[in-house]
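Remarks on the overall topology
So you can see what is in the structure, the chains are spelled out below.
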Amino acid sequence: QYDPPGNYRISNVRYPNRYVCMSGNKEFVANDAGNIIQVIVTDQVQHLVNLFDTVTSVYIGVDKEDNKVKGYPAPRVLQLSSDDGRNLSEIHAKDENNVWVLNDDGNWTYIVLEPAPDSNKKYWSSKMWNKYSKFKETRSSS
């Protein structure tokens, strides 16, 4: 079972203080603050989701030509996968092998698409956001 629908801050596992955030050019980066991302489950069996950046009001998708994660006005289907079927998620376009990767710990580092590397820089975790309480640590599992 993956995280339920809701609002999250999504962070990289290798660089846990780097959260998903949109830059000024509609490309997504990881920085120390991060945006609140709404997870909309579209198919629970295949682990398909739409990710909506609540701060910038854009849907998150992938540009396969530029190998970048970008903002779009309409929903884009993304898929959550896990090597062990239980914990940390890889994020990618449906049925695609290139996954979101964060290559270094620099603030405002671009999130790029690459074949899944043999390291935890391909994994993402989430913290559920509740406006009435602090962030609650969650982990994806199936």
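Scoring rules and cut-offs
- Residues numbered from 1 in each chain as written.
- Predicted model: local features only at pLDDT ≥ 70, side-chain atom pairs only at ≥ 80, totals over all residues.
- Heavy atoms only, no water.
- Helix = DSSP H or I, 4+ residues; strand = E, 2+ residues; numbered from the N terminus.
- Contact = heavy atoms within 4.5 Å.
- Areas by Shrake-Rupley, 256 points an atom, 1.4 Å probe, with all protein chains shown as cover.
- Salt bridge = Lys/Arg side-chain N within 4 Å of Asp/Glu carboxyl O.
- Buried < 20%, exposed > 50% of the residue type's maximum accessible area, 1.4 Å probe, protein only.
- Phe/Tyr/Trp six-rings, centres within 6.5 Å; stacked < 30°, edge-to-face > 60°.
- Lys NZ or Arg CZ within 6 Å of the ring centre and 35° of its normal.

With respect to the overall build of the protein chain
- Looking only at helices and strands, the protein chain has 0 helices and 14 strands in total.
- When the helices and strands of the protein chain are placed in sequence order, the string is β-β-β-β-β-β-β-β-β-β-β-β-β-β.
- Of all intrachain contacts in the protein chain linking residues separated by at least 6 positions in sequence, the fraction that spans at least 24 positions is 52%.
- For the protein chain, the accessible area works out to roughly 7200 Å², and carbon and sulfur atoms hold 47% of it.

Overview of the pattern of salt bridges
- The full count for this structure, using the stated rule, is 7 salt bridges.
- For Lys 70, the salt bridge goes to Asp 63, with nearest N and O atoms at 2.9 Å.
- Here Lys 122 and Glu 90 are joined by a salt bridge, their closest N and O atoms 3.5 Å apart. Of this pair, Lys 122 sits in the loop between strand E12 (112-115) and strand E13 (124-130) while Glu 90 sits in strand E9 (residues 90-93), placing them 32 residues apart in sequence. The burial state of Lys 122 is the same as that of Glu 90; both residues are buried.
- In the salt-bridge network here, residues are joined through shared partners; they are Asp 63, Asp 66 and Lys 70.

Re the environment of Ser 125
- Tracing the sequence through the fold places Ser 125 in strand E13.
- The class for Ser 125 is buried, based on a relative accessible area of 15%.
- Expressed as a C-alpha distance, the spacing of Ser 125 and Tyr 19, which sit 106 residues apart in the sequence, is 9.5 Å.

Some thoughts on the packing of aromatic side chains
- Under the criterion given, the structure shown has 2 aromatic pairs.
- Here the aromatic rings of Trp 100 and Trp 124 are separated by 5.8 Å at their centres, their planes lie at 85 degrees, and the arrangement is edge-to-face. Remark: Trp 124 occurs in strand E13 and Trp 100 occurs in strand E10 (residues 98-101); sequence separation between them is 24 residues.
- Given a relative accessible area of 0%, Trp 100 falls into the buried group.
- Trp 124 gets classed as buried once you look at its relative accessible area, which sits at 2%.
- Sitting over the face of the ring of Tyr 19, Arg 9 holds its NZ or CZ atom 3.7 Å from the ring centroid.

So, unusual backbone geometry
- In this model, Asp 95 sits at a positive phi of 60 degrees, which is unusual for a non-glycine residue.
- Assignment of secondary structure puts Asp 95 in the loop between E9 and E10.
- Given the relative accessible area of 57%, Asp 95 is considered exposed.
- One non-glycine residue with positive phi stands out, namely Trp 108, at about 70 degrees.
- Checked against the element boundaries, Trp 108 lands in the loop between E10 and strand E11 (109-110).

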